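The chain contents come next:
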Amino acid sequence: MSNTAVTMVVTEPQGPVHPVPVETASPARGWVRVTVEASGVCNADLGTAQAAGPRTHFPVTPGHEVAGVVAEIGDDVRGWSVGERVVVGWFGGSCGHCAFCRAGDVVHCPDRKVPGLSYPGGWAQSLTVPADALARVPDGLGLVDAAPFGCAGVTAFNALRKSGIRAGGRVAVFGVGGLGHLAVQFASRLGYETIAIARGTDREAVSRELGAHHYIDSSARAPGAALQELGGADLIVYTASSTAPADELLTGLNVHGRLTLVGVDAGALTVPAAQLVMNGHTLTGHLTGSPRETEEAMAFAVTHDIRPVIERLPLTQADEAVHRLRGGHTRFRIVLDPNATI
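Residues numbered from 1 in each chain as written. Predicted model: local features only at pLDDT ≥ 70, side-chain atom pairs only at ≥ 80, totals over all residues. Heavy atoms only, no water.

Enquirer: Just give me the short version of the environment of R170, but keep the residues and values in it.
Expert: Within the element layout of this structure, R170 appears in strand β8 (residues 170-174). Classification of R170 as buried rests on a relative accessible area of 15%. When the C-alpha atoms of R170 and E193 are compared, they prove to be 4.7 Å apart, with 23 residues separating the residues in sequence. Not counting the four nearest positions on each side in its chain, R170 is found in contact with E193, I195, L230, G231, G232, A233, D234, L235 and N254. One polar contact links R170 to E193, side chain to side chain, over a distance of 3.3 Å. Polar side-chain contacts of R170 include one of 3.4 Å to the backbone oxygen of L230. (Helix = DSSP H or I, 4+ residues; strand = E, 2+ residues; numbered from the N terminus. Buried < 20%, exposed > 50% of the residue type's maximum accessible area, 1.4 Å probe, protein only. Contact = heavy atoms within 4.5 Å. Polar contact = N/O pair within 3.5 Å; in protein donor to acceptor, adjacent residues only side chain to side chain.)

Enquirer: How would you summarise the side chain of R33 if you had to cite specific residues and measurements?
Expert: With respect to the helices, strands and loops of the structure, R33 is situated in strand β3 (residues 31-41). Here the side chain of R33 touches S126 through a polar contact of 3.4 Å, side chain to side chain.

Enquirer: Run through the environment of T56, naming residues and quoting values.
Expert: Its place among the elements puts T56 in the loop between α1 (43-50) and β4 (66-73). The exposure class of T56 is partly exposed, given its relative accessible area of 26%. A polar side-chain atom of T56 sits 2.9 Å from the main-chain carbonyl oxygen of G53.

Everything listed here is a matter of geometry and, on its own, says nothing about what the molecule does.
If you want it as structure tokens, here you go:
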């Protein structure tokens, strides 16, 4: 059996992602080695692949939406067995002893790890991670479909179920892309009147197929005003990568409505204080989920027939995937397949 694995790396700032053979090593104490079967390509990976930060250490291997099979277990790892199907997401491990970890809020651990940033990520045939980063994949969910649940899936699921919105409320999803198309499915299956918002009419039909009851073309009219005509939204899940339209969207909230940002850039929001106070609005951010919450998102998806819409590319075409995602030429989610050939 070969002791090397193909790994996609960046070796210079803003350089290409290219394959190199890397020797696989046995995992350290508390860590687990996973044979990768699928790895999602997320907008957050674009920054990792750019490899331009002052603290970047080369080579860089991106990838934080990984599904595979446990191949080897390090010392002092309990509760996991070789051969189990697992997902690793944006949460890639935590300290286990800080106030956040002790409260169960591991994703806000100040020492949390992120695959691709804290250690080599999952654009590879093999990935080694802390055991506490693993989530079990339920029966009925294939590994290619499971990979996006490590980041996009659990993020969308938690943003909805932790919002406190009343049963049967009205939920708008702004941005029907890699994260938003999952949010539309979760919102409709959770029983909300679901409104999809995207630029143009190209995504209207598929949004309705995914479960949206209404569709707003944000290039044709101001989406906040359009939401008010539909009765106003109790929750807006904001999944777009640019925050520029968020100010106007706030006008589409009902009294006591909430806007949850899960897609961000370096921009800022301008919120009129009177509007916020008089309407009791809540503006909040949301960050991913724990491995346990990832398992819950996958279990819900199996029960309610929720699946990501993916484009499958060979692992060695990771650089093409980066360019396609950066240029907006993707249909929801790209998943890299280490077993596929060009």
